[in-house]
Amino acid sequence: TSPFTYDKVSHSIELINLPKEVTASYYIYTSDFEPIDEAINAGQYLTMAELNYDAENYSLIGSSISRICYFEIEKATIDISELTFENKTVNENNLTHTVKIKGTLPNGVSVKYYLGKSEIEFSGAKYAGEYKIRASFVYDTVNYNKINDMEATLTILSLESQIPEVEIKELY
């Protein structure tokens, strides 16, 4: 069967074209053969259909009264194409400066900011320097494809660099 894509809805497989005298009971299992009530999350599943019929009046053609089918729910993709994370340059002024994601985060997605490639959370800087900031998205990684981090640079210009050069002329 073709895979489903995660959509927060339960998925299953069912037999079609059964004779009207035959019904089916369905059982769903994880890829580890653990029984479950419904398949919602991304992953691989097995469905077993047990055929029910009047054995006194009908005979089974084939070797089994059950059928097994495997199916998959693939991870979905979260659209972040409307989000931007832009470089920012400010003057040192004893205030804390940050860079933030611009745009509306999709439902179920939040963002954490880190200093460069480290795991040190970044909440802002007030002193002159160049700060490489990484925006890392927090979301349901079981059911959604990876969202790549975004990077921007916060540059705080020193007070000294803000002083205009003064031309000194000698007076005679």
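Residues numbered from 1 in each chain as written. Predicted model: local features only at pLDDT ≥ 70, side-chain atom pairs only at ≥ 80, totals over all residues. Heavy atoms only, no water.

Q: Please clarify how the overall build of the protein chain should be interpreted in this entry.
A: Within the protein chain, the secondary structure is distributed over one helix and nine strands. Starting at the N terminus and ending at the C terminus, the protein chain contains elements arranged as β-β-β-β-β-β-β-β-β-α. Against the globule reference of 16 Å for 172 residues, the protein chain gives a C-alpha radius of gyration of 30 Å, more extended than a compact globule. Dimensions of the protein chain along its principal axes, counting C-alpha atoms only, are 125 × 25 × 20 Å. Of the contacts formed within the protein chain by residues at least 6 apart in sequence, a portion of 57% connects residues at least 24 apart. As presented, the protein chain carries roughly 12300 Å² of accessible surface, and 50% of it is formed by carbon and sulfur atoms. With 14 positive and 26 negative side-chain charges, the protein chain shows a separation of 8 Å between the mean positions of the two kinds. (Helix = DSSP H or I, 4+ residues; strand = E, 2+ residues; numbered from the N terminus. Rg over C-alpha atoms; globule rule 2.2 N^0.38 Å. Contact = heavy atoms within 4.5 Å. Areas by Shrake-Rupley, 256 points an atom, 1.4 Å probe, with all protein chains shown as cover. Lys, Arg positive; Asp, Glu negative; His and termini not counted. Charge placed at Lys NZ, Arg CZ, Asp CG, Glu CD.)

Q: Is there a simple way to explain the environment of lysine 112 in this structure?
A: Tracing the backbone shows lysine 112 in strand 7 (residues 110–115). A sequence separation of 102 residues divides lysine 112 from serine 10, and the C-alpha atoms of the two residues are 31 Å apart.

Q: Sorry if this is basic, but what is going on with the side chain of arginine 134 here?
A: Assignment of secondary structure puts arginine 134 in strand 8 (residues 129–138). Using a relative accessible area of 7% as the deciding quantity, one classes arginine 134 as buried. Side chain to side chain, arginine 134 and glutamate 119 meet in a polar contact 3.4 Å long. Dropping the residues within four chain positions of it, arginine 134 is found in contact with Phe85, Lys112, Tyr113, Tyr114, Gly116, Lys117, Ser118, Glu119, Asp149, Met150 and Glu151. (Buried < 20%, exposed > 50% of the residue type's maximum accessible area, 1.4 Å probe, protein only. Polar contact = N/O pair within 3.5 Å; in protein donor to acceptor, adjacent residues only side chain to side chain.)

Q: Quick question: what am I supposed to make of the environment of glutamate 119 here?
A: With respect to the secondary-structure elements, glutamate 119 resides in the loop between strand 7 and strand 8. Judged by its relative accessible area of 59%, glutamate 119 is exposed. Along the sequence, glutamate 119 and arginine 134 sit 15 residues apart, while their C-alpha atoms lie 9.7 Å from each other.

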